[in-house]
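Residue-level listing of the chains:
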Amino acid sequence: MCDLTNQQAYDYYDELTEQSAKDYWLDFLKARADRGFPGAKAYVDKIEWYNNKDQ
C-alpha cells in the first residue's frame, strides 16, 4: 500500500459510506502526516474541517 498517493487514499475515504472504513483511511492519512509524508496533513485537515463544519 506504500505506492498509494495521498489523493488515492482521500478518494477511497470520500467514496465510502461505512464509518469504520472511513476511519481506516483517515487513520492511514494521519499516520502518514505524523511521519511527515509530504501533503498528507493537508488531506487530514480537509477531512477534519469538513467533519466539524456543521458543529
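See above for the structure.
Not measured: the values here are computed from a predicted model.

A.B. asks: How would you sum up the packing of helix 2 (residues 19–34) against helix 3 (residues 40–52)? Please name residues and give values.
C.D. replies: Relative to each other, helix 2 and helix 3 sit at 140°, their axes nearing to 8 Å. Classified by the interaxial angle, the pair formed by helix 2 and helix 3 is oblique. Of the two possible hands of crossing, helix 2 and helix 3 adopt the one that is left-handed. Across the interface between the two elements, Leu26, Leu29, Lys30, Arg32 and Ala33 of helix 2 pack against Ala40, Lys41, Tyr43, Val44, Ile47 and Glu48 of helix 3. For the contact of helix 2 with helix 3, the class distribution of residues is seven nonpolar, no polar and four charged.

A.B. asks: Explain helix 2 residue by residue, including any values.
C.D. replies: The terminal C-alpha atoms of helix 2 lie 22 Å apart, and with 16 residues this matches the ideal 22 Å at 1.5 Å per residue to within 8%. Taken residue by residue, helix 2 has Lys22, Trp25, Leu26, Phe28, Leu29 and Arg32 as its buried positions. Taken around the axis of helix 2, the buried residues stretch over an arc of 150°, which confines them to a single face. Elements that come into contact with the buried residues of helix 2 comprise helix 1 (6–15) and helix 3.

Criteria and cut-off values
Residues numbered from 1 in each chain as written. Predicted model: local features only at pLDDT ≥ 70, side-chain atom pairs only at ≥ 80, totals over all residues. Heavy atoms only, no water. Axes fitted to C-alpha atoms, helices over the stretch in contact; angles between N-to-C directions. Helix = DSSP H or I, 4+ residues; strand = E, 2+ residues; numbered from the N terminus. Parallel < 35°, antiparallel > 145°, perpendicular 65-115°, else oblique. Left-handed = near helix turned anticlockwise from the far one by under 90°. Contact = heavy atoms within 4.5 Å. Nonpolar A, V, L, I, M, F, W, Y, C, P; charged D, E, K, R; others polar. Expected span 1.5 Å × (residues − 1). Buried < 20%, exposed > 50% of the residue type's maximum accessible area, 1.4 Å probe, protein only. Arc of directions from axis to C-beta.

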